[in-house]
Amino acid sequence: MIVKMLHEKGFKAEHAYTAGFASIGLSVVSWCGSMKAESAGTARADRWGIFVGEWAPTFFALGLALANYERDHDHDLLHPSTH
């Protein structure tokens, strides 16, 4: 249901994969930024990096779901059933 809605709004698997890779990069940036900007130390930087890094698997899973939906949807358009 959510995957169908995202697909209808123009969100593609490639967008989700890009968001996943961006969140990995943002995780590293947030970790480095927290290390330099805050005096709380490594523990605080690790929490920021892990928090942002947890988004990546969600985006990649969403990308897989969208890719499957797109494959099935495109297959239905190319090969309509004759029921």
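Residues numbered from 1 in each chain as written. Predicted model: local features only at pLDDT ≥ 70, side-chain atom pairs only at ≥ 80, totals over all residues. Heavy atoms only, no water.

Caption draft 1: View of the pattern of salt bridges. Scanning the model with the defined rule gives 1 salt bridge in all. The partner of D72 in a salt bridge is R71, with the nearest N and O atoms 3.5 Å apart. Assessed through its relative accessible area of 41%, D72 is described here as partly exposed. Overall, the relative accessible area of 51% leaves R71 in the exposed class. (Salt bridge = Lys/Arg side-chain N within 4 Å of Asp/Glu carboxyl O. Buried < 20%, exposed > 50% of the residue type's maximum accessible area, 1.4 Å probe, protein only.)

Caption draft 2: Structural view of the side chain of S30. Mapped onto the elements of the fold, S30 is located in helix 2 (residues 13-37). Of the residues examined, S30 reaches a relative accessible area of 17% and is grouped as buried. Separated by 3.0 Å, the side chain of S30 and the backbone oxygen of S27 make a polar contact. Leave out the neighbours within four places in its chain, and S30 touches W48, G49 and V52. (Helix = DSSP H or I, 4+ residues; strand = E, 2+ residues; numbered from the N terminus. Polar contact = N/O pair within 3.5 Å; in protein donor to acceptor, adjacent residues only side chain to side chain. Contact = heavy atoms within 4.5 Å.)

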